Amino acid sequence: MDNNYYRIMAIDYGDVRIGIAISDLTRTIANGLENYVRIDLEKDVEHIIALAKENNVKVVVFGLPYNMDGTESNQTLKTKDFAKIIEEKSGLKVDFQDERLTSLMAERMLINADVSRAKRKTVLDKLSATIILEDYLKQI
């Protein structure tokens, strides 16, 4: 495959679920891929790396949940730690994208689309990851 055609994956990292989105091969369109329910650190890392390999991903972008004043939260630090493990174990390039308000934006989009509360919970993280990836793709 031509080296110019690869995908970027975005991760919305959470303690219970990880939202995952992926770009098309030309890195112009972001699509939600899945909501992964966490099992344990080792299996979570293996799953992300396997998805990256299966989908010709070269860059993994992690949404960083800064506090509204721009300071790092406990979740920011957890996300950075997880990203470092992914980078070390996979050799993939890791990057970060400010994700302040993405979950709120995703929730509002789902409410406006009249998605039920139960259904929203199952797609919220994937949609948040998609928004993170869309924002990232606009900048590259």
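Everything below is about the structure shown above.
Presented here is an overview of the structure given in this document. As the structure is a computational prediction, the values presented were derived from the model and not from experiment. Once a new chain begins, its residue numbering starts again from 1 and follows that chain's sequence as written. Per-residue local features are limited, in this predicted model, to residues with pLDDT of at least 70; the limit for side-chain atom pairs, both in listing and counting, is 80 or more; totals at the level of whole chains, interfaces and linings are taken over all residues. Note: side-chain values were computed over all heavy atoms of the structure, leaving out hydrogens and water.

1. Some thoughts on the pattern of salt bridges
- Think of a salt bridge as a Lys or Arg side-chain nitrogen and an Asp or Glu carboxyl oxygen that are within 4 Å of each other. Enumeration according to the criterion identifies six salt bridges in this entry.
- When the shortest N-O distance is used, the salt bridge between Glu72 and Lys80 registers 2.2 Å.
- For Lys80, a relative accessible area of 29% corresponds to the partly exposed category. In this scheme, a residue with accessible area under 20% of its type's maximum is buried, one over 50% is exposed, and one in between is partly exposed, where area comes from a 1.4 Å probe on protein chains only.

2. Comments concerning a nonpolar patch on the surface
- Patch criteria: residues need more than 30% relative accessible area and no salt bridge. Like-charged residues are merged within 9 Å; nonpolar side chains of Val, Leu, Ile, Met, Phe, Trp and Tyr are merged within 5 Å. Using the Shrake-Rupley algorithm and a 1.4 Å probe, accessible areas are obtained, with residue cover drawn only from the displayed protein chains. A contiguous nonpolar patch, built from Met68, Leu101, Leu104 and Met105 and spanning about 400 Å² of accessible area, is present on the exposed surface.
- Counting from the N terminus, the helices are the DSSP runs of H or I reaching at least four residues and the strands are the DSSP runs of E reaching at least two. Structurally, the position occupied by Leu104 is in helix 3 (residues 102-112).

3. Examining the sheet that holds strand 5 (residues 93-98)
- Two strands pair under a simple rule: DSSP has to find at least two bridges between them. An order of 3-2-1-4-5 is seen for the five strands of this open sheet, with the pairing classed as mixed. Each edge of the open sheet is held by one strand with a lone partner, namely strand 3 (30-37) and strand 5. Sheet twist, expressed as the mean angle between neighbouring strand axes with direction ignored, is 25 degrees.
- Sheet topology note: the strand 1 (residues 7-13)/strand 2 (residues 17-23) ladder contains five bridges and is antiparallel. Along strand 2, the bridge assignment pairs Met9 with Ile22. Between N-to-C directions, angles span 0 to 180 degrees; the directions come from axes that are lines fitted to C-alpha atoms, helices contributing only their stretch in contact.

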